Amino acid sequence: MPAFERLSQYQPAALAVLRIVTALLFLEHGTQKLFNFPAAPFEISTLFFVAGVIELIGSILILLGLFTRPVAFILSGEMAFAYFLVHAQMGFFPANNEGDGPILFCFIFLFLVFAGPGLWALDNRQR
């Protein structure tokens, strides 16, 4: 369809918007674990602290579009690990075990590994 073909010109910008919005949403998970903001009943443990550091630093780098592909690879793995370590233990179905968020983050980050950062990224600056 010609109408949809014209949309292809906006793909780099749409990819950047996906990257930026995902990073902003993911940033909340890091700040929850490290700073209890927004407030959440997390049990403090070394694993949650390490996850919080990875999520905070990783989301900032993804937001800036800096080292997008390797950082997205790490974050995708972290979300897969979180799903199987925490959510899958509560049942098989993601809608019931609250695992749909980690699954979506995992696959969006995995997509960024292959697609790159899109527009408006520090990765795109001239060297």
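Above this text is the structure in question.
Residues numbered from 1 in each chain as written. Predicted model: local features only at pLDDT ≥ 70, side-chain atom pairs only at ≥ 80, totals over all residues. Heavy atoms only, no water.

> An account of the overall build of the protein is requested, with residue identities and associated values reported.
Across its full length, the protein carries six helices and zero strands. When the helices and strands of the protein are placed in sequence order, the string is α-α-α-α-α-α. Dimensions of the protein, computed from the C-alpha atoms along their principal axes, are close to 50 × 35 × 25 Å. Sorting the 127 residues of the protein into buried and exposed places 33% on the buried side. Expressed as a percentage of contacts within the protein between residues at least 6 apart in sequence, the contacts between residues at least 24 apart total 63%. A total of about 8300 Å² of accessible surface is found on the protein, and carbon and sulfur atoms cover 73% of it. Charge centroids of the protein, computed over 6 positive and 8 negative side chains, lie 16 Å from each other. (Helix = DSSP H or I, 4+ residues; strand = E, 2+ residues; numbered from the N terminus. Buried < 20%, exposed > 50% of the residue type's maximum accessible area, 1.4 Å probe, protein only. Contact = heavy atoms within 4.5 Å. Areas by Shrake-Rupley, 256 points an atom, 1.4 Å probe, with all protein chains shown as cover. Lys, Arg positive; Asp, Glu negative; His and termini not counted. Charge placed at Lys NZ, Arg CZ, Asp CG, Glu CD.)

> How would you explain the environment of L63 if you had to name every residue and give the values?
Along the chain, L63 falls in helix α3 (residues 46-64). Under the relative-accessibility criterion, L63 is labelled partly exposed at 29%. For L63 and I20, which are 43 residues apart along the polypeptide, the C-alpha to C-alpha distance reads 5.0 Å. With residues up to four places along the chain from it excluded, the contact list for L63 reads R19, I20, A23 and L24.

> How would you sum up the pattern of salt bridges? Please name residues and give values.
Evaluated as defined, the whole model comprises one salt bridge. Two residues, E55 and K33, come together in a salt bridge whose shortest N-O distance is 3.0 Å. With E55 in helix α3 and K33 in helix α2 (residues 11-35), this pair connects stretches of sequence that are 22 residues apart. Considered together, E55 and K33 belong to a single accessibility category, that of buried residues. (Salt bridge = Lys/Arg side-chain N within 4 Å of Asp/Glu carboxyl O.)

> Tell me about the layout of surface pockets, and please be specific about residues and values.
Of the voids in this model, the largest pocket is the one considered here, and its volume is about 530 Å³. If you go around the largest pocket, you meet 24 residues; those closest to its centre are K33, F48, E55, A82 and H87. Of all elements in the fold, only α2, α3, α4 (68-87) and α6 (100-115) reach the threshold of two or more residues within the lining of the largest pocket. Considered class by class, the residues forming the lining of the largest pocket number 15 nonpolar, five polar and four charged. (1 Å grid on protein atoms, 1.4 Å probe; cavity = no way out; pocket = protein on both sides within 12 Å on 5 of 7 lines; lining within 4 Å. Points joined across faces, edges and corners; volume = space filled by probe spheres on them. Nonpolar A, V, L, I, M, F, W, Y, C, P; charged D, E, K, R; others polar.)

Everything listed here is a matter of coordinates, which is why it stays silent on function.
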